[in-house]
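Inside the fold
The primary structure of each chain is shown beneath.
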Amino acid sequence: MTDARSAQDHSAQDRLLAALSERLGARHVRTDPAGIAPHLVESRGLYRGHALAVVAPGTTEEVAFTVQACGQARVPVVAQGGNTGLVGGGVPFGGIVLSLTRLDRLRAIDPLGASMTVEAGMILADVQAAAAEAGMLFPLSWAAEGTARIGGGLATNAGGLAVLAYGNARDLVLGLEVVLADGRVWNGLKALRKNNAGYDLKHLFIGSEGTLGIITAATLKLYPKPLSTCVGFVGLPSARAALALFERMRAGADRGLTAFEYIPRFGLEMVLRHGIDVRPPLAGAHAAYALVELSSPRPGADARAEMEALLAGAMEAGLVEDAVIGGSAAQDSALWRLRELLPEVQKAEGGSIKHDVSLPLSQLADFLEEASAACEAAMPGLRPCPFGHFGDGNIHFNLTQPVGMAKAEFLSQWGRFNAIVHGIVERMDGSIAAEHGIGLIKRDELARTADPVGLDLMRRLKASLDPHDLLNPGKVVALSDDPPPALPV
(Lines give C-alpha, C1' and ligand atoms only; values in the text may rest on other atoms or scores of the structure.)
Protein backbone atom coordinates (compact mmCIF):
# COMPACT_ATOMS: atom_id res chain seq x y z
CA MET A 1 0.00 0.00 0.00
CA THR A 2 2.80 2.38 0.89
CA ASP A 3 4.66 1.65 -2.35
CA ALA A 4 1.47 2.17 -4.36
CA ARG A 5 0.80 5.51 -2.66
CA SER A 6 4.39 6.60 -3.27
CA ALA A 7 4.08 5.71 -6.94
CA GLN A 8 0.86 7.73 -7.17
CA ASP A 9 2.56 10.73 -5.56
CA HIS A 10 5.49 10.56 -7.97
CA SER A 11 3.12 10.26 -10.91
CA ALA A 12 1.15 13.31 -9.75
CA GLN A 13 4.37 15.28 -9.29
CA ASP A 14 5.55 14.29 -12.76
CA ARG A 15 2.26 15.49 -14.26
CA LEU A 16 2.54 18.75 -12.32
CA LEU A 17 6.08 19.42 -13.55
CA ALA A 18 5.07 18.58 -17.10
CA ALA A 19 2.15 21.01 -16.94
CA LEU A 20 4.34 23.76 -15.51
CA SER A 21 7.03 23.18 -18.12
CA GLU A 22 4.47 23.37 -20.90
CA ARG A 23 2.99 26.65 -19.64
CA LEU A 24 6.15 28.42 -18.41
CA GLY A 25 8.79 26.85 -20.64
CA ALA A 26 11.10 24.04 -19.58
CA ARG A 27 14.02 26.38 -18.83
CA HIS A 28 11.92 28.05 -16.11
CA VAL A 29 11.22 24.79 -14.28
CA ARG A 30 14.49 23.64 -12.72
CA THR A 31 14.70 20.17 -11.21
CA ASP A 32 18.46 19.70 -11.40
CA PRO A 33 20.42 19.88 -8.13
CA ALA A 34 22.55 22.79 -9.35
CA GLY A 35 19.47 24.84 -10.19
CA ILE A 36 17.72 24.07 -6.91
CA ALA A 37 20.66 24.35 -4.48
CA PRO A 38 20.83 28.19 -4.17
CA HIS A 39 17.20 28.24 -3.08
CA LEU A 40 17.54 25.79 -0.19
CA VAL A 41 19.53 27.95 2.24
CA GLU A 42 19.15 31.57 3.42
CA SER A 43 22.09 33.89 4.00
CA ARG A 44 22.61 32.84 7.64
CA GLY A 45 22.67 29.14 6.75
CA LEU A 46 20.56 28.22 9.77
CA TYR A 47 18.43 25.68 7.90
CA ARG A 48 18.93 23.57 4.80
CA GLY A 49 15.75 22.58 3.01
CA HIS A 50 14.76 20.49 0.01
CA ALA A 51 12.45 21.03 -2.95
CA LEU A 52 10.92 19.21 -5.88
CA ALA A 53 11.69 22.05 -8.29
CA VAL A 54 12.29 25.79 -8.64
CA VAL A 55 9.72 27.46 -10.85
CA ALA A 56 10.13 30.99 -12.22
CA PRO A 57 6.90 32.43 -13.69
CA GLY A 58 7.19 35.53 -15.81
CA THR A 59 3.75 37.08 -15.28
CA THR A 60 1.06 37.27 -12.63
CA GLU A 61 -1.04 34.93 -14.75
CA GLU A 62 1.76 32.37 -14.73
CA VAL A 63 2.07 32.70 -10.96
CA ALA A 64 -1.67 32.06 -10.65
CA PHE A 65 -1.44 29.04 -12.95
CA THR A 66 1.46 27.64 -10.91
CA VAL A 67 -0.29 28.08 -7.57
CA GLN A 68 -3.55 26.62 -8.87
CA ALA A 69 -1.79 23.61 -10.38
CA CYS A 70 0.17 23.00 -7.18
CA GLY A 71 -3.04 23.28 -5.16
CA GLN A 72 -4.77 20.67 -7.29
CA ALA A 73 -1.77 18.36 -6.83
CA ARG A 74 -1.55 19.20 -3.09
CA VAL A 75 2.07 20.31 -3.52
CA PRO A 76 3.33 23.11 -1.22
CA VAL A 77 4.54 26.43 -2.67
CA VAL A 78 7.25 28.57 -1.06
CA ALA A 79 7.63 31.99 -2.67
CA GLN A 80 11.10 33.53 -2.85
CA GLY A 81 12.44 36.88 -4.00
CA GLY A 82 16.11 37.58 -3.40
CA ASN A 83 16.30 34.90 -0.70
CA THR A 84 17.90 37.36 1.73
CA GLY A 85 15.70 36.43 4.70
CA LEU A 86 17.15 35.86 8.15
CA VAL A 87 14.60 33.72 10.03
CA GLY A 88 14.13 30.62 7.88
CA GLY A 89 10.95 31.97 6.34
CA GLY A 90 12.01 31.33 2.75
CA VAL A 91 13.54 27.87 3.19
CA PRO A 92 11.45 25.12 1.53
CA PHE A 93 10.87 21.74 3.12
CA GLY A 94 9.41 19.97 0.12
CA GLY A 95 7.21 21.16 -2.73
CA ILE A 96 7.88 23.95 -5.22
CA VAL A 97 10.01 27.05 -4.79
CA LEU A 98 8.24 29.82 -6.70
CA SER A 99 10.92 32.33 -7.67
CA LEU A 100 9.62 35.82 -8.42
CA THR A 101 12.84 37.10 -9.98
CA ARG A 102 11.33 37.32 -13.49
CA LEU A 103 8.52 39.61 -12.30
CA ASP A 104 10.84 42.61 -12.25
CA ARG A 105 9.08 45.30 -14.26
CA LEU A 106 8.20 48.88 -13.43
CA ARG A 107 4.55 49.08 -14.40
CA ALA A 108 3.85 52.77 -13.80
CA ILE A 109 5.18 55.85 -12.03
CA ASP A 110 3.21 59.00 -11.20
CA PRO A 111 5.27 61.88 -9.76
CA LEU A 112 2.18 64.07 -9.31
CA GLY A 113 0.36 61.35 -7.39
CA ALA A 114 3.65 60.42 -5.66
CA SER A 115 3.26 56.72 -6.41
CA MET A 116 4.75 53.93 -8.47
CA THR A 117 3.60 50.42 -9.30
CA VAL A 118 6.26 47.72 -9.45
CA GLU A 119 6.32 43.96 -9.75
CA ALA A 120 7.36 41.89 -6.76
CA GLY A 121 10.64 40.67 -8.23
CA MET A 122 12.08 44.14 -8.81
CA ILE A 123 15.30 44.63 -6.84
CA LEU A 124 14.91 47.27 -4.15
CA ALA A 125 17.87 49.31 -5.43
CA ASP A 126 16.20 49.41 -8.87
CA VAL A 127 12.96 50.62 -7.29
CA GLN A 128 14.90 53.40 -5.58
CA ALA A 129 16.69 54.29 -8.83
CA ALA A 130 13.44 54.44 -10.82
CA ALA A 131 11.95 56.80 -8.24
CA ALA A 132 15.08 58.97 -8.29
CA GLU A 133 15.01 59.17 -12.09
CA ALA A 134 11.51 60.63 -11.77
CA GLY A 135 12.78 63.18 -9.25
CA MET A 136 11.25 61.39 -6.26
CA LEU A 137 12.35 59.30 -3.29
CA PHE A 138 11.35 55.76 -2.35
CA PRO A 139 12.79 55.64 1.17
CA LEU A 140 12.78 51.94 2.05
CA SER A 141 16.42 50.91 2.55
CA TRP A 142 18.09 47.69 3.75
CA ALA A 143 21.66 46.43 3.83
CA ALA A 144 20.74 43.83 1.17
CA GLU A 145 18.96 46.28 -1.13
CA GLY A 146 21.24 45.41 -4.05
CA THR A 147 19.89 41.84 -4.18
CA ALA A 148 16.68 41.85 -2.10
CA ARG A 149 13.39 42.03 -4.02
CA ILE A 150 10.58 44.38 -3.08
CA GLY A 151 7.99 41.60 -2.82
CA GLY A 152 9.96 39.75 -0.17
CA GLY A 153 10.44 42.96 1.78
CA LEU A 154 6.71 43.61 1.78
CA ALA A 155 5.92 39.99 2.64
CA THR A 156 8.10 40.33 5.75
CA ASN A 157 7.21 44.00 6.48
CA ALA A 158 10.93 44.73 6.56
CA GLY A 159 12.00 47.86 8.38
CA GLY A 160 15.50 49.07 7.58
CA LEU A 161 17.32 52.34 7.90
CA ALA A 162 14.60 54.92 7.26
CA VAL A 163 11.75 53.80 9.51
CA LEU A 164 12.23 56.75 11.84
CA ALA A 165 11.11 59.22 9.16
CA TYR A 166 9.05 57.13 6.74
CA GLY A 167 7.80 54.04 8.57
CA ASN A 168 8.05 50.31 7.94
CA ALA A 169 7.37 48.64 4.62
CA ARG A 170 3.61 48.51 5.25
CA ASP A 171 3.55 52.28 5.72
CA LEU A 172 4.84 52.73 2.17
CA VAL A 173 2.20 50.63 0.40
CA LEU A 174 -0.95 52.00 -1.24
CA GLY A 175 -2.09 48.78 -2.88
CA LEU A 176 -1.19 45.20 -3.74
CA GLU A 177 -1.79 42.52 -6.32
CA VAL A 178 -1.86 39.07 -4.68
CA VAL A 179 -2.26 35.50 -5.91
CA LEU A 180 -4.35 33.53 -3.43
CA ALA A 181 -3.93 29.88 -2.46
CA ASP A 182 -6.68 28.78 -4.87
CA GLY A 183 -5.03 30.58 -7.80
CA ARG A 184 -7.37 33.57 -7.90
CA VAL A 185 -5.79 37.02 -8.26
CA TRP A 186 -6.82 39.87 -5.98
CA ASN A 187 -6.24 43.20 -7.76
CA GLY A 188 -5.92 45.84 -5.07
CA LEU A 189 -3.50 48.14 -6.90
CA LYS A 190 -5.38 51.41 -6.41
CA ALA A 191 -3.04 54.38 -5.95
CA LEU A 192 -5.32 56.10 -3.45
CA ARG A 193 -4.40 57.86 -0.21
CA LYS A 194 -7.94 57.47 1.08
CA ASN A 195 -9.95 54.31 0.49
CA ASN A 196 -12.40 53.17 3.18
CA ALA A 197 -14.28 50.70 0.98
CA GLY A 198 -14.38 47.80 3.42
CA TYR A 199 -11.51 45.96 5.07
CA ASP A 200 -8.00 47.11 4.14
CA LEU A 201 -6.98 43.72 2.74
CA LYS A 202 -3.43 44.64 1.81
CA HIS A 203 -2.42 44.52 5.47
CA LEU A 204 -3.34 40.83 5.64
CA PHE A 205 -0.56 40.03 3.20
CA ILE A 206 2.11 42.54 4.22
CA GLY A 207 4.13 40.77 6.90
CA SER A 208 2.48 37.38 6.33
CA GLU A 209 5.71 35.90 4.87
CA GLY A 210 3.95 34.25 1.95
CA THR A 211 1.69 32.13 4.17
CA LEU A 212 -1.63 33.77 3.15
CA GLY A 213 -0.98 34.77 -0.45
CA ILE A 214 1.81 35.62 -2.88
CA ILE A 215 2.42 39.32 -3.60
CA THR A 216 3.03 39.82 -7.33
CA ALA A 217 2.93 43.65 -7.57
CA ALA A 218 2.62 46.69 -5.33
CA THR A 219 1.71 50.35 -5.62
CA LEU A 220 4.15 52.27 -3.45
CA LYS A 221 4.27 55.74 -1.91
CA LEU A 222 6.90 58.21 -3.08
CA TYR A 223 8.25 61.31 -1.37
CA PRO A 224 10.01 64.50 -2.48
CA LYS A 225 13.71 63.95 -2.98
CA PRO A 226 15.85 65.52 -0.22
CA LEU A 227 17.67 68.63 -1.45
CA SER A 228 19.91 68.98 1.61
CA THR A 229 21.37 66.06 3.58
CA CYS A 230 23.99 65.82 6.30
CA VAL A 231 25.42 62.88 8.26
CA GLY A 232 27.14 63.05 11.63
CA PHE A 233 29.04 60.39 13.56
CA VAL A 234 28.96 60.96 17.31
CA GLY A 235 30.97 59.58 20.23
CA LEU A 236 29.00 59.17 23.46
CA PRO A 237 29.64 58.07 27.06
CA SER A 238 26.80 55.53 27.15
CA ALA A 239 23.69 54.16 25.49
CA ARG A 240 21.66 56.24 27.92
CA ALA A 241 23.39 59.38 26.60
CA ALA A 242 22.60 58.25 23.04
CA LEU A 243 18.92 58.04 23.94
CA ALA A 244 19.04 61.54 25.46
CA LEU A 245 20.74 62.81 22.30
CA PHE A 246 18.02 61.26 20.16
CA GLU A 247 15.32 62.97 22.20
CA ARG A 248 17.12 66.29 21.88
CA MET A 249 17.64 65.97 18.11
CA ARG A 250 14.08 64.85 17.48
CA ALA A 251 12.80 67.91 19.34
CA GLY A 252 15.16 70.19 17.41
CA ALA A 253 14.84 68.73 13.91
CA ASP A 254 11.38 67.13 14.00
CA ARG A 255 10.80 65.24 10.71
CA GLY A 256 14.18 66.37 9.43
CA LEU A 257 15.79 63.67 11.61
CA THR A 258 15.76 60.82 9.08
CA ALA A 259 18.11 58.35 10.79
CA PHE A 260 19.51 57.70 14.24
CA GLU A 261 21.58 54.50 14.37
CA TYR A 262 23.25 53.18 17.54
CA ILE A 263 26.63 51.37 17.48
CA PRO A 264 28.40 50.05 20.59
CA ARG A 265 32.16 50.37 21.03
CA PHE A 266 32.70 46.66 20.29
CA GLY A 267 30.70 47.02 17.08
CA LEU A 268 32.85 49.84 15.72
CA GLU A 269 36.00 47.95 16.77
CA MET A 270 34.87 44.99 14.65
CA VAL A 271 34.17 47.21 11.65
CA LEU A 272 37.60 48.86 11.87
CA ARG A 273 39.30 45.50 12.40
CA HIS A 274 37.65 43.58 9.55
CA GLY A 275 36.13 46.15 7.18
CA ILE A 276 37.81 47.09 3.92
CA ASP A 277 38.58 50.74 3.15
CA VAL A 278 37.42 52.07 6.51
CA ARG A 279 39.16 54.30 9.02
CA PRO A 280 38.38 55.58 12.52
CA PRO A 281 35.85 58.42 12.32
CA LEU A 282 36.93 60.02 15.60
CA ALA A 283 40.31 60.56 17.29
CA GLY A 284 39.53 58.61 20.46
CA ALA A 285 37.43 55.63 21.56
CA HIS A 286 34.02 55.99 23.19
CA ALA A 287 31.61 53.68 24.98
CA ALA A 288 28.89 54.25 22.40
CA TYR A 289 28.34 55.88 19.01
CA ALA A 290 25.46 57.23 16.99
CA LEU A 291 25.15 57.81 13.26
CA VAL A 292 22.74 60.69 12.73
CA GLU A 293 21.23 61.93 9.47
CA LEU A 294 19.31 65.14 8.84
CA SER A 295 17.65 65.87 5.52
CA SER A 296 15.16 68.29 4.00
CA PRO A 297 13.30 68.56 0.67
CA ARG A 298 12.96 72.35 1.08
CA PRO A 299 14.90 74.60 -1.31
CA GLY A 300 17.49 76.60 0.56
CA ALA A 301 17.54 74.29 3.59
CA ASP A 302 20.96 73.82 5.21
CA ALA A 303 21.08 70.43 6.93
CA ARG A 304 24.76 70.86 7.80
CA ALA A 305 24.19 74.10 9.68
CA GLU A 306 21.31 72.51 11.56
CA MET A 307 23.46 69.48 12.43
CA GLU A 308 26.28 71.69 13.70
CA ALA A 309 23.92 73.66 15.92
CA LEU A 310 22.21 70.61 17.39
CA LEU A 311 25.46 68.75 18.12
CA ALA A 312 27.08 71.85 19.58
CA GLY A 313 24.18 72.22 21.98
CA ALA A 314 24.36 68.54 22.92
CA MET A 315 28.09 68.83 23.52
CA GLU A 316 27.57 71.82 25.81
CA ALA A 317 24.97 69.77 27.71
CA GLY A 318 27.52 67.00 28.28
CA LEU A 319 25.79 64.38 26.13
CA VAL A 320 28.34 64.29 23.29
CA GLU A 321 32.05 63.65 23.78
CA ASP A 322 33.13 64.10 20.14
CA ALA A 323 31.60 64.26 16.68
CA VAL A 324 32.45 64.50 13.02
CA ILE A 325 30.16 65.83 10.29
CA GLY A 326 30.37 64.75 6.67
CA GLY A 327 31.31 67.55 4.32
CA SER A 328 30.31 65.89 1.05
CA ALA A 329 28.25 63.03 -0.35
CA ALA A 330 31.36 60.85 -0.37
CA GLN A 331 32.09 61.60 3.28
CA ASP A 332 28.47 60.94 4.25
CA SER A 333 28.66 57.61 2.42
CA ALA A 334 31.88 56.69 4.26
CA LEU A 335 30.22 57.35 7.60
CA TRP A 336 27.16 55.28 6.63
CA ARG A 337 29.48 52.46 5.58
CA LEU A 338 30.67 52.11 9.19
CA ARG A 339 27.10 51.23 10.18
CA GLU A 340 26.24 49.15 7.13
CA LEU A 341 29.28 46.87 7.50
CA LEU A 342 28.40 45.88 11.04
CA PRO A 343 26.20 42.84 10.26
CA GLU A 344 28.81 41.47 7.85
CA VAL A 345 31.96 41.85 9.96
CA GLN A 346 30.49 39.93 12.90
CA LYS A 347 31.15 36.71 10.99
CA ALA A 348 34.90 37.26 11.29
CA GLU A 349 34.64 37.08 15.10
CA GLY A 350 33.00 33.61 15.11
CA GLY A 351 29.48 32.53 15.93
CA SER A 352 26.76 35.10 16.56
CA ILE A 353 23.44 34.47 18.28
CA LYS A 354 21.07 37.12 16.97
CA HIS A 355 17.95 38.73 18.37
CA ASP A 356 15.82 41.22 16.43
CA VAL A 357 13.78 42.95 19.14
CA SER A 358 11.97 46.21 19.73
CA LEU A 359 11.27 48.08 22.95
CA PRO A 360 9.36 51.19 23.97
CA LEU A 361 11.91 54.00 23.77
CA SER A 362 11.49 54.68 27.47
CA GLN A 363 12.73 51.13 28.20
CA LEU A 364 15.55 50.98 25.67
CA ALA A 365 18.53 51.97 27.85
CA ASP A 366 17.30 49.79 30.73
CA PHE A 367 16.97 46.85 28.36
CA LEU A 368 20.48 47.23 26.98
CA GLU A 369 22.00 47.36 30.45
CA GLU A 370 19.96 44.51 31.92
CA ALA A 371 20.12 42.15 28.93
CA SER A 372 23.88 42.67 28.45
CA ALA A 373 24.58 41.99 32.11
CA ALA A 374 22.35 38.91 32.18
CA CYS A 375 23.97 37.38 29.08
CA GLU A 376 27.51 38.09 30.27
CA ALA A 377 26.69 36.48 33.61
CA ALA A 378 25.33 33.41 31.82
CA MET A 379 28.52 32.94 29.78
CA PRO A 380 31.77 34.62 30.90
CA GLY A 381 33.70 36.06 27.96
CA LEU A 382 30.55 36.57 25.88
CA ARG A 383 30.69 39.78 23.80
CA PRO A 384 27.32 41.53 23.38
CA CYS A 385 26.93 43.68 20.27
CA PRO A 386 23.58 45.51 20.48
CA PHE A 387 23.15 47.90 17.56
CA GLY A 388 20.52 49.27 15.28
CA HIS A 389 17.67 51.64 14.76
CA PHE A 390 17.58 53.53 18.05
CA GLY A 391 15.04 56.05 16.86
CA ASP A 392 12.30 53.47 16.30
CA GLY A 393 13.20 51.21 19.24
CA ASN A 394 14.59 48.33 17.15
CA ILE A 395 17.75 46.74 18.50
CA HIS A 396 19.67 43.87 16.93
CA PHE A 397 20.79 42.34 20.20
CA ASN A 398 23.54 40.10 18.87
CA LEU A 399 25.87 38.01 21.01
CA THR A 400 29.36 37.18 19.73
CA GLN A 401 31.00 34.01 21.03
CA PRO A 402 33.81 34.15 23.59
CA VAL A 403 37.30 34.17 22.07
CA GLY A 404 38.55 30.61 21.65
CA MET A 405 35.18 28.90 22.10
CA ALA A 406 34.06 26.44 19.41
CA LYS A 407 31.42 27.97 17.16
CA ALA A 408 29.18 24.89 17.25
CA GLU A 409 29.30 24.77 21.03
CA PHE A 410 28.33 28.42 21.23
CA LEU A 411 25.45 28.19 18.73
CA SER A 412 24.04 25.23 20.64
CA GLN A 413 23.15 27.74 23.38
CA TRP A 414 20.79 29.72 21.12
CA GLY A 415 17.67 28.57 22.96
CA ARG A 416 19.19 29.39 26.33
CA PHE A 417 19.96 32.97 25.32
CA ASN A 418 16.57 33.36 23.64
CA ALA A 419 14.98 32.63 27.00
CA ILE A 420 17.14 35.27 28.70
CA VAL A 421 16.80 38.04 26.11
CA HIS A 422 13.20 37.48 25.10
CA GLY A 423 12.15 37.12 28.71
CA ILE A 424 13.39 40.64 29.40
CA VAL A 425 11.78 41.92 26.19
CA GLU A 426 8.41 40.46 27.19
CA ARG A 427 8.62 41.91 30.69
CA MET A 428 9.31 45.35 29.20
CA ASP A 429 6.35 45.02 26.82
CA GLY A 430 8.50 44.78 23.69
CA SER A 431 8.45 42.48 20.65
CA ILE A 432 10.63 39.45 19.90
CA ALA A 433 10.36 40.18 16.15
CA ALA A 434 10.95 43.79 15.18
CA GLU A 435 11.69 43.75 11.45
CA HIS A 436 13.01 40.34 10.32
CA GLY A 437 9.78 38.42 10.86
CA ILE A 438 8.91 35.11 12.53
CA GLY A 439 9.66 32.57 9.81
CA LEU A 440 10.69 29.26 11.29
CA ILE A 441 13.21 30.25 13.93
CA LYS A 442 10.67 32.17 16.08
CA ARG A 443 7.52 30.21 15.21
CA ASP A 444 7.28 28.32 18.48
CA GLU A 445 8.26 31.38 20.51
CA LEU A 446 5.40 33.28 18.90
CA ALA A 447 3.05 30.49 19.94
CA ARG A 448 4.36 30.75 23.50
CA THR A 449 4.41 34.54 23.85
CA ALA A 450 1.57 35.87 21.69
CA ASP A 451 -1.78 36.90 23.09
CA PRO A 452 -3.92 33.71 22.89
CA VAL A 453 -6.79 35.48 21.16
CA GLY A 454 -4.43 37.06 18.65
CA LEU A 455 -2.77 33.72 17.96
CA ASP A 456 -6.17 32.10 17.42
CA LEU A 457 -7.08 34.82 14.93
CA MET A 458 -3.82 34.24 13.04
CA ARG A 459 -4.51 30.51 12.80
CA ARG A 460 -8.09 31.11 11.69
CA LEU A 461 -6.91 33.47 8.96
CA LYS A 462 -4.37 30.93 7.77
CA ALA A 463 -6.92 28.11 7.74
CA SER A 464 -9.48 30.28 5.94
CA LEU A 465 -7.21 31.63 3.20
CA ASP A 466 -5.08 28.50 2.81
CA PRO A 467 -7.20 25.56 4.01
CA HIS A 468 -4.84 22.91 2.68
CA ASP A 469 -1.77 24.59 4.26
CA LEU A 470 0.14 24.75 0.98
CA LEU A 471 1.52 28.32 1.05
CA ASN A 472 4.86 28.28 2.90
CA PRO A 473 3.60 25.66 5.36
CA GLY A 474 5.00 25.52 8.87
CA LYS A 475 6.11 29.16 8.93
CA VAL A 476 4.85 31.95 11.23
CA VAL A 477 1.96 29.90 12.64
CA ALA A 478 1.70 26.11 12.37
CA LEU A 479 -1.58 24.35 11.64
CA SER A 480 -0.07 21.05 12.76
CA ASP A 481 2.02 19.98 15.74
CA ASP A 482 5.08 19.18 13.63
CA PRO A 483 8.20 20.63 15.28
CA PRO A 484 10.42 22.90 13.20
CA PRO A 485 13.75 21.54 11.99
CA ALA A 486 16.52 21.97 14.55
CA LEU A 487 19.11 24.68 14.13
CA PRO A 488 22.45 23.30 12.85
CA VAL A 489 25.16 23.06 15.48
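The structure presented is a predicted model; accordingly, all values stated were derived computationally and were not measured.

With that out of the way, let us pick up the overall build of the protein chain. Broken down by element type, the protein chain carries 17 helices and 19 strands. Relative to its length of 489 residues, the protein chain is compact, with a C-alpha radius of gyration of 23 Å against a globular reference of 23 Å. If you line up the protein chain on its principal axes, its C-alpha atoms span 80 × 55 × 45 Å. A burial count over the protein chain gives 52% of its 489 residues as buried. A sequence separation of at least 24 residues applies to 73% of the contacts in the protein chain between residues at least 6 apart. A total of about 21,300 Å² of accessible surface is found on the protein chain, and carbon and sulfur atoms cover 53% of it. Side chains of the protein chain carry 44 positive and 53 negative charges; the gap between the two charge centres is 3 Å.

Now for the pattern of salt bridges. What the rule picks out here adds up to 21 salt bridges. Notably, a salt bridge pairs glutamate 349 with arginine 383, separated by 2.8 Å at the nearest N-O pair. Pair noted here: glutamate 349 is in the loop between α12 (342–345) and β16 (352–353) and arginine 383 is in strand β18 (residues 383–389), with a separation of 34 residues, a long-range link. Note on accessibility: glutamate 349 and arginine 383 belong to one class, buried. Linking aspartate 444 and arginine 443 is a salt bridge whose minimum nitrogen-to-oxygen distance equals 3.2 Å. In the salt-bridge network here, residues are joined through shared partners; they are Arg105, Arg107, Glu119 and Glu177.

Turning our eyes to something else, we now look at the side chain of glutamate 62. By the secondary structure assignment, glutamate 62 is in helix α3 (residues 60–72). Discounting residues that sit within four places of it in the chain, glutamate 62 has contacts with Arg23, Leu24, Pro57 and Arg102.

Counting 58 residues, the largest nonpolar core has Leu236, Leu245, Met249, Phe367, Phe390 and Phe397 as its most contacted members. Top element by residues in this core is helix α8 (residues 239–253). It accounts for 8 residues.

We now examine the UniProt feature "domain: FAD-binding PCMH-type" (unreviewed entry) in the protein chain. In the numbering adopted here, UniProt assigns the feature "domain: FAD-binding PCMH-type" (unreviewed entry) to residues 47–225. For residues 47–225, the end-to-end C-alpha separation is 40 Å, with 21% helix and 25% strand making up the annotated structure.

Attention shifts here to the state of the cysteines. In this structure the tally under the stated criterion is 0 disulfides. Cysteine cysteine 385 shares no disulfide, and the gap to the nearest cysteine sulfur, in cysteine 375, comes to 13 Å.

What the 4 strands build is an open sheet, ordered β1-β2-β4-β3; its pairing is mixed. The open sheet has two edge strands, β1 (29–30) and β3 (77–80), and neither has a second partner. Two strands pair when backbone bridges link them, and β1 and strand β2 (residues 53–55) are joined in this way by 2 bridges, in the antiparallel orientation. Bridging across to β2, arginine 30 finds its partner in valine 54. Taken strand by strand, α3 contacts β2, β3 and β4 (96–99), and its axis lies near 170° from that of β4.

What follows is about the environment of alanine 371. If you trace the backbone, alanine 371 turns up in helix α13 (residues 364–378). In the structure, alanine 371 is positioned 53 residues away from isoleucine 424 in sequence and 6.9 Å away in space, judged by C-alpha atoms. Once residues lying within four places of it in the same chain are set aside, the contact partners of alanine 371 are Phe397 and Ile424.

We now examine the packing of α8 against helix α10 (residues 303–316). In contact at an axis separation of 10 Å, α8 and α10 are set at 140° when each is read in the N-to-C sense. By the angle between their directions, the pair α8 and α10 is classed as oblique. Crossing handedness for the pair α8 and α10: right-handed. Residue-level inspection shows Leu245, Arg248, Met249, Gly252 and Ala253 of α8 in contact with α10, the latter providing Glu306, Met307, Leu310, Leu311, Gly313 and Ala314. For the contact of α8 with α10, a count of residues per class yields 7 nonpolar, 2 polar and 2 charged.

Attention now goes to the pairing of strand β13 (residues 257–264). In terms of burial, β13 is a largely internal element, 8 of the 8 residues being buried. Looking at chain direction, β13 and β18 are connected through 2 bridges and run antiparallel. Each residue of the ladder has a partner; that of glutamate 261, found in β18, is histidine 389.

Before going further, it helps to spend a moment on the packing of aromatic side chains. Scanning the model with the defined rule gives 8 aromatic pairs in all. Among the aromatic residues, those joined into a ring-pair cluster are Phe246, Phe260, Tyr262 and Phe390.

Attention now moves to α13. With 15 residues, α13 extends 21 Å from end C-alpha to end C-alpha; this agrees with the ideal 21 Å at 1.5 Å per step. Among all positions in α13, only Leu364, Ala365, Phe367, Leu368, Ala371, Ser372, Cys375 and Ala378 are buried. On its buried face, α13 sits against α8, β13, β17 (356–358), β18, β19 (394–400) and α15 (414–427).

Procedures and definitions
- Residues numbered from 1 in each chain as written.
- Predicted model: local features only at pLDDT ≥ 70, side-chain atom pairs only at ≥ 80, totals over all residues.
- Heavy atoms only, no water.
- Helix = DSSP H or I, 4+ residues; strand = E, 2+ residues; numbered from the N terminus.
- Rg over C-alpha atoms; globule rule 2.2 N^0.38 Å.
- Buried < 20%, exposed > 50% of the residue type's maximum accessible area, 1.4 Å probe, protein only.
- Contact = heavy atoms within 4.5 Å.
- Areas by Shrake-Rupley, 256 points an atom, 1.4 Å probe, with all protein chains shown as cover.
- Lys, Arg positive; Asp, Glu negative; His and termini not counted.
- Charge placed at Lys NZ, Arg CZ, Asp CG, Glu CD.
- Salt bridge = Lys/Arg side-chain N within 4 Å of Asp/Glu carboxyl O.
- Core = buried A, V, L, I, M, F, W, Y, C linked by side-chain atoms within 4.5 Å.
- UniProt positions renumbered as here; feature names shortened; annotations may be inferred.
- Disulfide = S-S within 2.5 Å.
- Pairing = 2+ DSSP bridges.
- Axes fitted to C-alpha atoms, helices over the stretch in contact; angles between N-to-C directions.
- Parallel < 35°, antiparallel > 145°, perpendicular 65-115°, else oblique.
- Left-handed = near helix turned anticlockwise from the far one by under 90°.
- Nonpolar A, V, L, I, M, F, W, Y, C, P; charged D, E, K, R; others polar.
- Phe/Tyr/Trp six-rings, centres within 6.5 Å; stacked < 30°, edge-to-face > 60°.
- Expected span 1.5 Å × (residues − 1).

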